[in-house]
Structures are given as C-alpha cells and as structure tokens.
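# A look at the structure
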Amino acid sequence: MLRNKYLTKAALLLRAAVESISKKVPAKQKWLCLLLLSLLLLKGLISLTLPVERLLARPSSLVVTDKEGLPLRGSLSSDDEWRLPVPLSEMGKWLPLLAVEIEDRHFYSHSGTDYPAIVRAFCQNISAGKVISGASTITSQTVRLAVSRSRTPFSKLLEFVQAEALETRLSKSKLLELYLNSVPFGGNTRGVEAAARTWFAKPAKELSLSEAVLLMVLLRGPSYYRPDRYPERTRELRDRLLSLLRKRGLVTAEEARRAKLEPLPKERRPIASAELQAAERAALLGEAKEHLDSFGRFRSTLDAAKQRLLRAELRKSLERLEPGITAAAVLVENSSGKVRGYIGNAKEGTGAEASWVDCAASPRSPGSALKPFIYALALQKGLLTPDTLLADVPTAAGGGTRNYDRLFRGPVSARSALCDSLNVPAVKVLRLAGLENTLALLRGLGFASLTERPEWYGESLALGGCEVTPLELARAYRALASGGRASSLLWYEKAETEVGPPLITPGAAALTLEMLKETRRSLPRFGDSDSDGKIIAFKTGTSYGLRDAWTCAVTPRWTLVVWFGDPTGRPHRSLTGLTAAAPAAVSIMLRLTPKGAKWFDLPAAVASREICPLSGSPRNPFCPEAKQGLYLKNVSDTTPCTLHIQYNGETSVKWPEEIARFYAERGRGGKSSLAITTPTEGAVYYGLNQKLLLTAQGGEGTLYWFVDGELLGASEGGGTLSWTMKPGPHTISAADEYGATDEKKVTVKSSPAAEREKLPLLEEY
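Right, let's walk through the structure included here. As the structure is a computational prediction, the values presented were derived from the model and not from experiment.

Cut-offs used in this document
- Residues numbered from 1 in each chain as written.
- Predicted model: local features only at pLDDT ≥ 70, side-chain atom pairs only at ≥ 80, totals over all residues.
- Heavy atoms only, no water.
- Helix = DSSP H or I, 4+ residues; strand = E, 2+ residues; numbered from the N terminus.
- Buried < 20%, exposed > 50% of the residue type's maximum accessible area, 1.4 Å probe, protein only.
- Contact = heavy atoms within 4.5 Å.
- Pairing = 2+ DSSP bridges.
- Axes fitted to C-alpha atoms, helices over the stretch in contact; angles between N-to-C directions.
- Parallel < 35°, antiparallel > 145°, perpendicular 65-115°, else oblique.
- Left-handed = near helix turned anticlockwise from the far one by under 90°.
- Nonpolar A, V, L, I, M, F, W, Y, C, P; charged D, E, K, R; others polar.
- Phe/Tyr/Trp six-rings, centres within 6.5 Å; stacked < 30°, edge-to-face > 60°.
- Core = buried A, V, L, I, M, F, W, Y, C linked by side-chain atoms within 4.5 Å.

### Overview of the overall build of the chain
A count of helical and extended segments in the chain gives 24 helices and 24 strands. Here the chain, with 765 residues, has 51% of them falling under the buried criterion. Summarising the internal contacts of the chain: among those between residues at least 6 apart in sequence, 66% fall at separations of at least 24.

### Digging into the sheet that holds strand 10 (residues 537-542)
Pairing is antiparallel across the open sheet formed by 5 strands, whose spatial order is 7-6-12-11-10. Only two strands of the sheet have a single partner each, and these edge strands are strand 7 (338-343) and strand 10. Direction aside, the axes of adjacent strands within the sheet are offset by 10° on average. Across 7 bridges, strand 11 (residues 548-554) lies against strand 12 (residues 558-565) in antiparallel orientation. In the strand pairing of strand 12, Thr551 is matched with Val562.

### Notes on the packing of helix 9 (residues 192-200) against helix 10 (residues 209-220)
Pairs of packed helices are described in terms of their axes, by the angle between the two and the distance that separates them. Contact geometry of helix 9 with helix 10 gives a least axis separation of 11 Å together with a crossing angle of 110°. Between helix 9 and helix 10, the interaxial angle falls into the category roughly perpendicular. Remark: the crossing between helix 9 and helix 10 carries right-handed chirality. Together, Val192, Ala195, Ala196, Trp199 and Phe200 of helix 9 and Glu211, Leu214, Leu215 and Leu218 of helix 10 make up the contact between the two elements. In terms of residue class, the contact of helix 9 with helix 10 is made up of 8 nonpolar, no polar and 1 charged.

### Observations concerning the packing of aromatic side chains
Taken as a whole, this structure holds 8 aromatic pairs when the rule is applied. With 4.9 Å between their ring centres and 85° between their planes, Tyr224 and Tyr225 make a pair best called edge-to-face. Residue classification places Tyr225 among the buried residues on the basis of a relative accessible area of 14%. Ring centres of Phe298 and Tyr492 lie 5.6 Å apart, and the angle between their planes is 20°; on these two criteria the pair is classed as stacked.

### Some remarks on the pairing of strand 6 (residues 326-333)
Of all the 8 residues making up strand 6, 8 are buried; the element is thus mostly covered by neighbouring parts of the structure. Alternating positions in strand 6 separate into two faces, Thr326, Ala328, Val330 and Val332 on one and Ala327, Ala329, Leu331 and Glu333 on the other, with burial throughout. As defined by bridge partners, strand 6 adjoins strand 12 across 8 bridges and the pair is classed as antiparallel. Bridging from a neighbouring strand, Ala329 pairs with Val562 of strand 12. Pairing of strand 6 with strand 7 involves 5 bridges; the strand directions are antiparallel. For Leu331, the partnering residue across the bridge sits in strand 7 and is Gly341.

### Observations concerning the nonpolar core
Membership of the largest hydrophobic core comes to 80 residues, with the highest contact counts inside it found for Tyr342, Phe373, Tyr375, Leu445, Phe447, Leu473 and Tyr477. Considering every element that reaches this core, the biggest residue donor is helix 21 (residues 470-481), with 8 residues. With sequence-adjacent residues up to four places away left out, Tyr375 is seen in contact with Leu384, Leu390, Ala414, Ala417, Leu418, Pro425, Ala426, Val429 and Met515.

### Looking at helix 15 (residues 371-380)
Burial within helix 15 is extensive, with 9 of its 10 residues counted as buried. Residues Lys371, Pro372, Phe373, Ile374, Tyr375, Ala376, Leu377, Ala378 and Leu379 constitute the buried set of helix 15. The first or second residue beyond helix 15 is Gly382, which carries a positive phi of 75°.

### Topic: the sheet that holds strand 2 (residues 71-74)
Taken in spatial order, the 3 strands line up as 2-1-5 in an open sheet, and their pairing is mixed. Bordering the open sheet on either side are strand 2 and strand 5 (297-299), each of which pairs with just one other strand. In this sheet, adjacent strand axes meet at a mean angle of 20° when their direction is disregarded. By the bridge criterion, 3 bridges tie strand 1 (residues 63-65) to strand 2 in an arrangement that is antiparallel.

Now the structure itself:
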C-alpha cells in the first residue's frame, strides 16, 4: 500500500516533469534532460524495491526476560534461528564501535555508498587481476542481508542504490542496530546478542574488548574462524585486529596487551537456559504474544535473583531426602500480585526421573493446607476466635477421623488446633462454617479444580480430600495477606494490579494470619535468635499416604508456597509438611525478610478484650485467671465463659460433655496408663546424628512412637526404640493401641559452645 502511494506520486511528478521539459527546454537539450530524468526514475524505481518492512520484521526468537530485562529463556524463531534482537544501547561499549571501525570507517559520513572506497577497490582489483577488496558499507550489507542475490556487478549496483534509499528512511543509529541484530555468526545464530550468549554465555553488553573483537573476527568467516576448531588462526586474526585498534588510537597499548591474553572460548554454549518451566509458564499465563516489545521480548514479573534463591534452598533441602523426591515453589509479591519466583521442578535440567514435570502447576492433594480458609470463614461468621476452646476428642468429629500422630489432645484452642493441623477440630469447624459455604469460598479464591458437588467432597475437604496446585494455593494465601481480596496472579511486568472482591473480611483474614504466626511449633531455625525477631505466618500440609508435603508462608511483603513430593505419585516416609517442606520455606522467608520488618497492622474491626485463658470466651466472675485475646467487634460471640462455675462455694470447671467423656474414658476399662521414661520433659541433649533410646512404662499392645508428629516406628509394650537426634526443639510422643498417650519436649544442640548458624542474606545468592 505504501509503495502504491509512492508510485502514484512518482507518476504525477514524472508527468509534470515531462510536460515542463517539452514546453520550456530547447530542442537540443531536451533529449539530455529526458535521459537524466530516466536515470533518476530508474534509481527511484530500484529504491522502491527495497524491502524495508522485511528488514524491520525479520523473525526473531521469543525471549522471556525477568522484570529487569535479563533474559531467562529464548526459543528458535520461525526461521529456526537464534536471533535475540536488542537495542543499540544494550550492545555495550565495544560492539557498535568496533563494527564501524572494522567494517565501515566512514559509516557516519557517507550516504549509504562509500564512493572513494569504490574507486580504491576498483583500482586494487584491476591491479591484482582478481577481487581482493570490496567497498561494501554497513548499509549495503544490511540490504544484502534482507535480499538474497547472486554476487554480480549489477546486484552490487542495486545494493548501493537501495543502500542510499535506506539511508533516507532510517537513522544511522537505527541502521547500525539493524545490522548488528541481523549479521550471521554461523549455524543458526544471528545477531550479536545470540552470538554473545552462544560463545560467552553472557549478554552482548557485558562483552570485554577481546570478546567483542572475536565476534568481529567471526564475521569474516563464521566457519573458517571458529575458535573451538581453529584456535590458532582465530587468535592470530583477533590479535591483528587488536593491534590495528591500538595503532588507530581506539585502545591503549595496555588494553590491547591484556585483551590478547584472554583465552578463546572452547565450545559453543546452549542459549536455552535452565528456566524453561518458569519462562514457559510466564509466557503462557502472561499472554506473551500480546505483550512483546519491538525486539520480540516479553518482560515477565519473574526476578532472576529470587529464582536463584528458591532453587538453591529447594535443592539444599532435597539433599537429605530420597532420590525420587523433587520440589516446587511459587513466590508472589503481595502488594502487586506479581509472581517473582517460580520453580516448577527443582530438578529441572538434571536429567533425573520426571524432572521435566512442572509440579507447580500440577494438581495434588493439599493435606491440611486448606484449613486456614475454613477457620477464616468461621471467624468471619463469629463462630470462634483464635482462643476459642475446641475439643480434640474421638467423638468430636465421628466417622473415624483421627489426627496424623494418632493422638487426641482433649481441649485445645482454635489457634493450637490450626497450627498443629489437628484433623478432628478442623472437621468440627467445617461443620460450623458449612460445607457449601466453604466450597464456595475456595472456588472464589481460585481453586479451579473443585468442580464437584459438596457431598462429593464431604468432610474430607478439611483433610485434603481434593486436588489443588501450588499456583492456586499461592493465589489463595496472597488473598489472606491482601485483606481477604482475591485476584489473579500477574506475570507481565507492566500489568496493573487487580483489586479483587472481598471474599474474606479483612478482620477474619488478619486473625487467621495471627493464628498462623505461632512460633512455638517444632521447627529448627525458627522461633529462636536465628530469626532475629522476624515474623512469618505459615501452614504445613501432608497428604494422605505421605505423597505430598506442603508449606504455605506469608509475610506482609511475600507469599510463598513450597511443595515436596514425587512427580510419579509414589509415597515416601519423609514427605511430611513440617519436616520436608517447612525448613526450606521458612529459610527462604527469613532471607527475604529484613531484620525489624513490620508485621501487618490489624484492621479497625479487630480489637482486644479480657478473656478466660481456658475457654477463650470473655471472662466471667469465677474465672481464676485472665488474659487478652483478639476478636472481631460486633461479630464474635460475647457470651461469657461457661467452663468456670461456682459450686459449694468453690470454683470448679464444668467441661463440655464430649471432653468430660474423653477424660473419663482415658482412665476406665482396665487400660493401664502410659508414661514416657526416656527422654524426660525439657531435657537438653548435645551431639548430632547420635542415637537416643526411647523408653516408656505402661501402655497396652503395640506402642507407636512419633517425633514432631512423624511416625518413627513401633514397639511392643515395654519395648524400646532408638531415634537419631537432629538439631532443634522436638516433641517425642507415644500412643498405644487403646488411646493412652504421653509426650515429652526436648532440645538437641550441636555442642554447649557451638555458636548459632547465621543465615545469609538474599544478596549473597
């Protein structure tokens, strides 16, 4: 269409020129004028054949970058080439300078054709009797890259004519940029950025003088001067060009000397990086084709530094687990909803079994990871507060629901029940909140796979009887950090933050996070001085059959979801949320959180009141003690404590029927009591990886031993079991076949004089 426009204008001008020559020019000069006009017309027609649009729209590789523009992953162009175009400003100091100095010294002074160079080349070639010199310019070479022609004098003439036309349409800087992004470097590598990453595994802007000169050497003959195959001839030409640059004063003698000492690359590097899954997920969910810049790049929300941190921590944790286990993680910036870190499979690129599976987008059983949303719904309905007394007893939920460690704890607070992932109280809270209401909330939070009717899930919904992805969990937990507002996660850096609907009230979301920041849980490197007072709210999850281990962590700035498991679905005894996933998740969050970081401000709907420590309800006149507890104004139940009563002039506790029955049954039926004799309560042991003998008195039948909620093994009544000690605080518990239980808390340290390990900051990655 553009050419037709030019042709129409040219035809009108030609007609006017011919009429003017016919009327005003004398007959003797008329033919000369017409001849000159014909030559000009021919030149103009040749210039119109210049495929400028093809030059500017040469197929390029799709490049996914991080938020700062650092390429994470490239892919072949539609021409099956690696072409990674970049602006001239991102080519560094040396490449533009060297291209002009070595390829076309008069680039900035000629109009596309270097006429003195043509005369010089003509004379040299005539004198030598063969072609030994050319007169190509950067502009004419750019034309040649766009139009494939046989090398004849006529094609050369066409190139010069079109080069001059091209100079009138593009600036010198744009021409140089176009040339450096289009020159071939052998094989399917085109452009300086792709060449820099192929030979030096770095962007063009980071090339040294020696490396930049080597790329200019490759332009002389990509196959003939391959440094990995012909290092001697390649080094000789590189050093000769460096000497030429020194002679011309572009570099100092010292710069040239140091550049000559640099070694040549010994092999070509793969351009595709290890961030395949992260880049592909960002390109897919960020609709990359709709957001490419003029150089074919998609700037994702991912942060390369965060990617390195996540991968390093996950792989460090995997070292102590079975070979078949891998890990995945999603890191979201709460303020923007942008995904800053995404590890689909920590073993990606290692060749391990199923390392190609993107586990961060794969549905798996969440275990207890959904429980916070059930509690949040009950909180916002005023059905409980963080301190409300719940019954963890066999009759509380029915249907054979049991906790993971087979123990029942009797009366517990809602806070403890949630933090310790107790199943019986969770099912009771689900009943209070309503199964249909809970399922509607979860769907609103973005759990797309929850498509069945409520009765299909039943009360197993509270225990992980469904499938979700780490991405979905990250979106849902980010809603807790956003005052209960859910919105899609963002993958395109320039996308605007969405404001989602309030699915959970700000007060209920805040109270849920307050419950999850409980630091008393048995987790090494958290809750002690190593954390430097940093606060992290986190929830673990372990799926049925030990197939999935989860930890979802939240701070005011970040939401993190970590998953450990076997991509093939095989179970592993080490796959529990607290022992497999939590250490990595907490370690990551501690590194991301600066010392003294402020916790969430409580919304106006949250207030503090005096409550009974036992019932969690407002204190009545008979409650012997009191403490402050959080609640939702005008929402939470205001009924005073009903546990403490006055009887015969004395204060006593009247337990709810299910708890009273639980206490009564524990001492009835001829069952002997169970008591752990080793270790003792509060014991401190020194020495790592040493055996500690576990002993108990009493109990009937098989005795089950647990360490931090994880089954260690079983022994017969009166038998013993040994445990290999690990650093940190631990809870040792035992249960017999009839429900008798006991537990002891111990601490394991490396040595009395050992100094605490200091956690490196994120900047060290």
